[in-house]
Amino acid sequence: MSSWLGGLGSGLGQSLGQVGGSLASLTGQISNFTKDMLMEGTEEVEAELPNARRKEVEAIHTILRSENERLKKLCTDLEEKHEASELQIKQQSMSYRNQLQQKEVEISHLKARQIALQDQLLKLQSAAQSVISGAGGVPATTASPSFGYGLSHHASAFHDDDMDFGDIISSQREINRLSNEVSRLESEVGHWRHIAQTSKAQGSDSSDQSEICKLQNIIKELKQNRSQEIDNHQHEMSVLQNAHQQKLTEITRRHREELSDYEERIEELEDLLQEGGSGIAVTDHSKIHEMQKTIQVLQAEKVESTKKIEELEDKIKGINKKLSSAENDRGVLKKDQERLSVENRQLLEECESLKLECSKLQPYAVKQSDTVTEKERILPHSSSVEEEVFRLQQALSDAENEIKRLSNLNQDNNLAEDNLKLKMHVQVLEKENSLLNQEKEELQISLSKLNNEYEVIKSTAARDTDLDSELCDLRRNLEAKEQELNQSITEKEILIAELEELDKQNQEATKHMILIKDQLSKQENEGDNVISKLKKDLNDEKKRVHQLENDKMNITKELDVQKEKLIQSELVVSDLHLTKQKLEDKVADLVDQQNELHTKNLNIQKENFELQERIKQKEEELSRVRDELITQSLLNRDSNSNFKDDLLEREAEVRNLRQNLSEIEQLNENLKKVAFDLKMENEKLNLACETVRHQLEESIAGNSQISQEKNAIVEALKIEKEQLDAELCRAEKRLLEETNKYEQTMEELSNARNLSISALQLDHEHLIKLNQEKDFEIAELKKNIKQMDTDHKETKKMLSSSLEEQKQLTQLVNENEIFIERLKERSSELQEELDKYTQALRKNEILRQTIEEKDRSLGSMKEENNHLKEELERLREQQSRAAPVAEPKTLDSITELESEVNQLNILKDNLKEEIKHHQKIIEAQNQSKIQLLQSLQEQKKEMDEFRYQHEQMNATHTQLFLEKDEEIKSLQKTIEQIKTQLHEERQDVQTENSVIFQETKVQGLNIENGSEKHDLSKAETERLVKGIKERELEIKLLNEKNISLTKQIDQLSRDEVGKLTQIIQQKDLEIQALHARISTASYPQDVVYLQQQLQAYAMEREQVLAVLSEKTRENSHLKTEYHKMMDIVAAKEAALNKLQDENKKLSTRFESSGQDMFRETIQNLSRIIREKDIEIDALSQKCQTLLTVLQTSNTENEVGGVNSNQFEELLQERDKLKQQVKKMEEWKQQVMTTVQNMQHESAQLQEELHQLQAQVLVDSDNNCKLQVNYTGLIQSYEQNETKLKNFGQELAQVQHSIGQLCNTKDLLLGKLDIISPQLSSGSSLTSQSAESLRTIKSDVLSESSKQEIEELRKSLQEKDATIRTLQENNHRLSDSIAASSELERKEHEQTDSEIKQLKEKQDILQMSLKEKDLLIKTKSDQLLSLNENFTNKVNENELLRQAVTNLKERTLILEMDICKLKGENEKIIETSREKETEYQALQETNMKFSMMLREKEFECHSLKEKALAFEHLLKEKEQGKTGELNQLLNAVKSMQEKTVIFQQERDQVMLALKQKQMENTAVQNEVQHLRDKELRLNQELERLRNHLLESEDSYTREVLAAEDREAKLRKKVTVLEEKLVSSSNAMENASHQASLQVESLQEQLNVASKQRDETALQLSMSQEQVKQYALSLSNLQMVLEHFQQEEKAMYSAELEKHKQLVAEWKKKAENLEGKLVSLQERLDEANAALDSASRLTEQLDLKEEQIEELKKQNELRQEMLDDVQKKLMNLVNSTEGKVDKVLMRNLFTGHFHTPKNQRHEVLRLMGSILGIKKEEMEQLLNEDQGGVTKWMTGWLGGGSKSVPNTPLRPNQQSLLNSSFSELFVKFLETESHPSIPPPKLSVHDMKPLDSPGRRKLDTSVPGSFKDTTESRSGRRTDVNPFLAPRSAAVPLINPAGLGPGGPGHLLLKPISDVLPTFTPLPVLPDNSAGVVLKDLLKQ
């Protein structure tokens, strides 16, 4: 609009400038022409001016109106589109919410089902508990097979693979953490068991339900959050759209402002030119005209060049803006992408929180299997073991069926949801890819546009140079012509002066002659002044020319700047491409990292699971061994023979148990087979699906390039598979080697044990001998030897453990080296793959370029198609208008066009097919590229992780080696010290140590508790890390302290040993002395002395022994504490590692879905290990107590006999402890069963979690779809806007051409007007011709520079002709000055006649001009019709676009199918990867747990040996010391047998391992099968892509054909334009003919000049007379000089007057400009006012129509009322004298049905209904309460005035004797008089037509009635008129007039004066008035 208004303003400015120029020329001509001629000219100009102005204003007005209408249409269209888009968005949001509700319903169903299952569980538990209370304890043998089944059931085979040391450490940390969790779960289990025993499963429902409610609330909150996020996202999208629209409007506004500025500049320049041309004097008029022409030419050229430059600048600006907008859009899209990623992360976090809550619920879902196991325990053990096994099998099968059923249900849901997830993920990726492609294409299109514009600028610069050269030539010609003009002007001035003198002489004689001379002198002065002014003007003009040249230079500089900007923009585009690629790489890297972390977690889980199984097996074996030990100890009390029998029985039991285990394992294998069969069936079904897909594949040929790429990928996969197989083989070899090593170590340990036993025997013999020799020394030596043995064993154990650890470290180092070599190989493979991928990328880029070229050609073809369609419609219209003669030609042309159109269609189809083909190729390559990038990034990340792990491993290894070396050195020192020294004075030091150790132990425990309690938030984890580091420092310090203390202990022990040796030597000396005394001294005295000494020594020895026993106890206690401390340190290290792992896990938290089950199992295993440790400690303490007992018993035997009571107490304590151990084992088995149940439940909860995740993914995908739709809408909107702009430009061009035609018309009219005064004299003719030429030049400049140059040349030729004629005239006039005035008068008469002829010719020309105007009008009409056709074509184009969008939707559907297939592929790959990783993890955990188990076994063996040894020693003490050696030998034999048994068990374990390996191979086969499936699915994908490409190719062909059609139509348009040009040429020819006619008139003038020559002869005669007058003239000259002086004064006065006039004109011009600006502003305001007025008028019309309708309805209602009143009167008349029996019966029965107490009330109600007053009723009731007669008479005595009546009840009716209707009608009449004045209807009460209340009108009730009710009852549309108050329900007077469609019921109608008012009753609106009355009476 702004550009259009600017054009309008420039047009007005031009017209005003023309008016100003004509006025200036008129003022200049006053001095030349006579006053009457002047008057004629001014009158003609004044007549023409207003007409022209009015026409221009009218044209502008029409244009403005059309523009207004167009804009209104646009606005309405846009509003409709907006509404439609809003509706679509609403529908989509509704559909999404419906889906959400459906999902919620499904969740609620599942929860209900879960609750039902829990109820069943609780019932089963209660039943089981009742049975337990009845039955009592059950043997532990029943539980063990079920437990074993649980373990084997969960076992699964996986690939062998090496794992890192870091992973092992992380799994160890997890084990420690899980052990804590297991202890917590144990406490919970105890709590629940207590509750179950007390309340028998009554209170479990509420807790379950409360937790379920919590979960439901959480889920609801999550859903609400998600919906809120979706709404926020939509809101943001709308905000972005608004911002985009605002940007567009700002850009357009700026563009318009710049245009208006440029137009104002042009107008100012034109005004300056016109003002400069106005102040020229008379004498040099023609010269000034010439100068003005040159200036105008130069200005026109400058304007054109500036316009071109401005256009180029505008284009460049537009391009820059587009670029910036594109960049902004891209930025916005990036922000959206980032925001979406953030939202995805949030959703994932929420899912993880849900998972945690689900894990909390796990213990409740697992109870089913628990109940089964409890039932198995409860079953009586009366029958054989086989019956128990059978029952267990049945229970297991039932449980499995239930589990299968639940898992199938969950699997179905999971499969569907996983499919959806994968589909949506693929769609999102494809959409992102398409968006990126679109951005790239847009940038390339903008680049091509910039290049084109650059070429245009170059061409315009070349043209400017040509124009400059032509201008220079023209300027030279102009200068030459100006010189000639100056000469002719001087001659002309002389002639004019002489002529005027002659006229004055003829008319007024000598006086006139004198005046003429004065005038001549004045004119000479004026001429001098004018010449000086002209010189100044010339200089000014030259300055202007210089300025213009400078401007031109500046413009060229600006062009260069713009070129530089273009180059910069290209660089920016390239940078953007680079940034985009970088972002894509980053995204791929992140995806790879996630995948790697997931795989690692799965590996760890698998390892943990395998180790759990191993530990459970070992625990079972341990429990059996313990049972055997207990039985042996019990039997040893009785006798050796019983002991052996028990052993045999136990072995038999063990065998039975093993048989049971094997049977259960067979059952497990059967179950696995069944599961495998089910899998096979699934695969068959998949194969059937694949066959169907293969049939689809056969229809489309595979693309060769894609197939090659796929083959390459397959080969790469095969290579990887081979590598994996090789790695598996290596891993198996390593396993075998490790097993061999373990066997060797077992053998070594057994040998060592045998050696230790033999050493013990030898020591024992030596002790017996010593006992015989020295009774005192034997005890001490025995104690020392035993202590030494224990120390020696401990040191041996330490050494063996350190050696094993060293071996492990060496193995790990070797594995790391192998791993590094593998990594190197992998990196080389990755580099090869990278090269492949780069080649594929290059191909992709080439294909993209080709597709972009195709798209460009498509767009151009579409535009040509539109143009061709428009031309076709124009041709059709022309055909309809053309004469019947031209019909055959048009038919031929139409047929040709149709054939061309068909050809173009074919071409278009071909192009469409090609485009589709290319698009498919690009999509395939993009997908392959993405996959390759992902794999690359995964491998890179693996490399990085492996390097990091290797570094960590090296560091840890070095640390471990150093620590181990130190420990070994310290141990060696301690061994040497212990061997050489005895232990006396350790007690003090050890007490101190124990205190320190206890403190550290407490601290460690506190630390453990603290670490468990901490949350895993980032801040707290950092704190924990710091704390752990501090703890590590403390541990190191404690270790150092420990070492120092051990050194001190060693020193003290050396000192003590030394002291003891000295004491022993002294004692020996004393003994020798005593021997000597005995031999020498008297015997009795010595004996007494010796006895005394013996007693003293016995006392001393007892004291020493007590001290030693205490010391040994403390020493053993300290050692156990030391071991515990070491364990705590290890736990601390594990906790540290665990925290680090958890920190890592926080970054990849979403992968923790399947870890809960494994964690629980690991916790169980760690707890079991701890229990083992505790049991070992207890056994060691028992051994120590036995030792002390032995020692004490030895002393007592020697001194005063055995203390048998103490011994029996110890045995009783041991029995109690054994019972406690049994209980603990039973409890442990129960806990294991509960753990299994928990695992089952966790699986179910995980499935539910997957469902929730699927829902979340679906919602996110829906979001993405919405975004894509939104972007599509925005793009379509932008395209429409660009089209609108193009149409606006075309309109402006058409308007411009119309304006040019109008200007040419005005020019021609001006020419014709100027011709009439031209022939007054030769001078006037020349001046006017020059002026007309000037005006023509000034107006026609706008057409084109070339036309201007041609016209200038023509004008130059015409000037030459006029100069020649003027020269001839001058010569002739100089000859004929002497002729007489009479002849001149005759000539004047002749000229008048000629002028009349010319006027006639002028009229003819004007007629012809009018005809031309009519032609122009017809042409303009044709143009308008063409514009309309164009709009129609645009609509058709839009329809075609809609068809295109439909096709795109179809392609999207096909893409969705492809996405589904891709999703299935990805699922299969993921499952295979997960299995591999799980297998690796299980292998690692297996290794660790095997090491742990072996350590535990060694400890168990040592403890067993000690226990047996001590028992044998005790028995020997009881029975005597004779059979000690035999017992020891028997114990050794039994231990050997046990070792054999253990070896057999180990072989069985190895067999089980082999079975697992077999299962692994089966899993590998399955993985291969899945890969084959993947290949097939890929082939299907290729086929679908080909199909898509073909469809797209067909579409492109159609598009190309359409473009060809468009091109043809455009050609036709150009032909029509050429015709227009030819018509304009014809117009120019007509003008040329007119000029020729002027020339013929000039020739006639020449003839007249010949006649003047004849008169010149006569003048020569008169010259002689003039000579005579010369004398008189000389006399008069003196007088003339006097006159000249006076004339000068006069002339100066006149000059000043002229200057004042010029100033006034300038002011007028400025005023006019101001007025113009104000007029434009007023015009804008007037337009706005017009728009508002039109709206108001429309609204007024609508209101008037509403009022008229309401009036009509009013009249109809009044007629209806009259009819109804008539009917009522008729009814009343007809019902008089009639009795209603039914009413009578009702009243009568109602009265008697009521109780007697309430009958008064009934009668009162009847009286009120009948109109009886209260007083009368009370009188009647008081007089006779039961009297019927009085009641009847009172009742029949008519009704009185009305009382406010109440509604009736059915049990409150009365009787009627006479006609009730009469009484009722009378009552109505009394009520009918209105008390309230009728309300008037206001305009405000009426609703507008488009209000929602109006739309929702019922068919029964008309709008007016509803409106009134709404306005009164607060716009309640659904108000019941009967239930509402009187004012709301029924108006008192007809407010708006109910029509025939109104309610037919009387009571619904408004109450008038005729009808009585009464409270309305609820009656249907369908009935008539009579029926209503009947109903009333019935009631």
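Residues numbered from 1 in each chain as written. Predicted model: local features only at pLDDT ≥ 70, side-chain atom pairs only at ≥ 80, totals over all residues. Heavy atoms only, no water.

Considering the overall build of the chain
On a plain count of helices and strands, the chain comes out with 30 helices and zero strands. Relative to its 1979 residues, the chain shows a buried fraction of 39%. Carbon and sulfur atoms make up 56% of the accessible area of the chain, which amounts to about 111000 Å² in all. (Helix = DSSP H or I, 4+ residues; strand = E, 2+ residues; numbered from the N terminus. Buried < 20%, exposed > 50% of the residue type's maximum accessible area, 1.4 Å probe, protein only. Areas by Shrake-Rupley, 256 points an atom, 1.4 Å probe, with all protein chains shown as cover.)

Let's talk about the confidence of the model for the chain
In this model, the chain carries an average pLDDT of 79, and 79% of its residues clear a pLDDT of 70 or more. Within the chain, no element has a lower average pLDDT than helix α3 (residues 143-154), which sits at 39, and none a higher one than helix α21 (residues 1524-1775), at 91. Note on residues 1322-1327: pLDDT is under 50 here. Beyond four places in sequence and across chains, it has nine contacts. (pLDDT = per-residue confidence, 0-100. Contact = heavy atoms within 4.5 Å.)

Points about the nonpolar core
Ile175, Leu178, Leu611, Ile615, Ile1162, Leu1165, Ile1168, Ile1169, Met1232, Phe1489 and Leu1493 together form the largest nonpolar core, which totals eleven residues. For this core, the elements supplying multiple residues, two or more each, are α4 (165-199), α8 (385-638), α16 (1155-1199) and α20 (1381-1519). When residues in this core are grouped by element, the largest group, four residues, is from α16. In contact with Phe1489, not counting residues within four places along its chain, are Ile175, Asn608, Leu611, Gln612, Ile615, Leu1165 and Ile1169. (Core = buried A, V, L, I, M, F, W, Y, C linked by side-chain atoms within 4.5 Å.)

Side note on the pattern of salt bridges
Where side chains of opposite charge bring their charged atoms close, a pairing between them can arise. Inspection of every chain in the model, using the stated rule, returns 49 salt bridges. Of the charged contacts in the structure, one is a salt bridge between Asp231 and Arg97, with a shortest N-O distance of 3.0 Å. Remark: Arg97 occurs in helix α2 (residues 35-135) and Asp231 occurs in helix α5 (residues 204-278); sequence separation between them is 134 residues. Residue Lys1119 is joined to Asp791 by a salt bridge in which the shortest nitrogen-to-oxygen separation is 2.5 Å. Linking Lys1119 in helix α15 (residues 1083-1147) with Asp791 in helix α11 (residues 775-881), this pair joins segments that are 328 residues apart in sequence. Given a relative accessible area of 4%, Asp791 falls into the buried group. Because the salt bridges share partners, they merge into one network encompassing Arg177, Glu181 and Glu1142. (Salt bridge = Lys/Arg side-chain N within 4 Å of Asp/Glu carboxyl O.)

A few points about the environment of Glu945
With respect to the helices and strands, the residue Glu945 is situated in helix α12 (residues 887-980). Expressed as a C-alpha distance, the spacing of Glu945 and Glu596, which sit 349 residues apart in the sequence, is 9.6 Å. For Glu945, the contacting residues outside a window of four places in its chain are Glu596 and Lys600. Separated by 2.4 Å, the side chains of Glu945 and Lys600 make a polar contact. (Polar contact = N/O pair within 3.5 Å; in protein donor to acceptor, adjacent residues only side chain to side chain.)

Structural notes on the environment of Ala1689
Assignment of secondary structure puts Ala1689 in helix α21. Judged by relative accessible area, Ala1689 falls into the partly exposed class, the value being 48%. Expressed as a C-alpha distance, the spacing of Ala1689 and Lys522, which sit 1167 residues apart in the sequence, is 8.3 Å.

Section: the packing of aromatic side chains
Per the counting criterion, the structure on display carries three aromatic pairs. For the ring pair Phe819 and Phe946, a centre distance of 4.3 Å and an interplane angle of 80° mean the geometry is edge-to-face. Here Phe946 lies in helix α12 and Phe819 lies in helix α11, a separation of 127 residues in the sequence. One residue, Arg1494, lies across the ring of Tyr742, its end atom 3.0 Å from the ring centre. Between the NZ or CZ atom of Lys1708 and the centre of the ring of Trp1705, over which it lies, the distance is 4.4 Å. (Phe/Tyr/Trp six-rings, centres within 6.5 Å; stacked < 30°, edge-to-face > 60°. Lys NZ or Arg CZ within 6 Å of the ring centre and 35° of its normal.)

Details of a negative patch on the surface
A grouping of Asp77, Glu79, Glu80, Glu83, Glu86 and Glu1438 is seen on the molecular surface, where their side chains present a negatively charged patch. Relative to the elements of secondary structure, Glu79 occurs in helix α2. (Patch = residues over 30% accessible without salt bridge, like charges linked within 9 Å, V, L, I, M, F, W, Y side chains within 5 Å. Lys, Arg positive; Asp, Glu negative; His and termini not counted. Charge placed at Lys NZ, Arg CZ, Asp CG, Glu CD.)

Brief notes about the packing of helix α22 (residues 1781-1793) against helix α23 (residues 1799-1810)
Their axes nearest at 9 Å, the elements α22 and α23 cross at an angle of 155°. By the angle between their axes, α22 is roughly antiparallel relative to α23. Of the residues in α23, those in contact with Leu1787, His1791 and Phe1792 of α22 are Arg1799, Val1802, Leu1803 and Met1806. Partitioning the contact of α22 with α23 into residue classes produces five nonpolar, one polar and one charged. (Axes fitted to C-alpha atoms, helices over the stretch in contact; angles between N-to-C directions. Parallel < 35°, antiparallel > 145°, perpendicular 65-115°, else oblique. Nonpolar A, V, L, I, M, F, W, Y, C, P; charged D, E, K, R; others polar.)

Digging into the environment of Phe1542
Within the secondary structure, Phe1542 sits in helix α21. For the pair Phe1542 and Glu621, spaced 921 residues apart in the sequence, the C-alpha separation amounts to 8.9 Å.

Section: a positive patch on the surface
On the surface, a cluster of positive charge is contributed by Arg54, Lys55, Lys1410 and Lys1417. Elements with a contribution of two residues or more to the positive patch: α2 and α20. Within the secondary structure layout, Lys55 lies in helix α2. Relative accessible area serves as the criterion here: at 47%, Lys55 is assigned to the partly exposed category.

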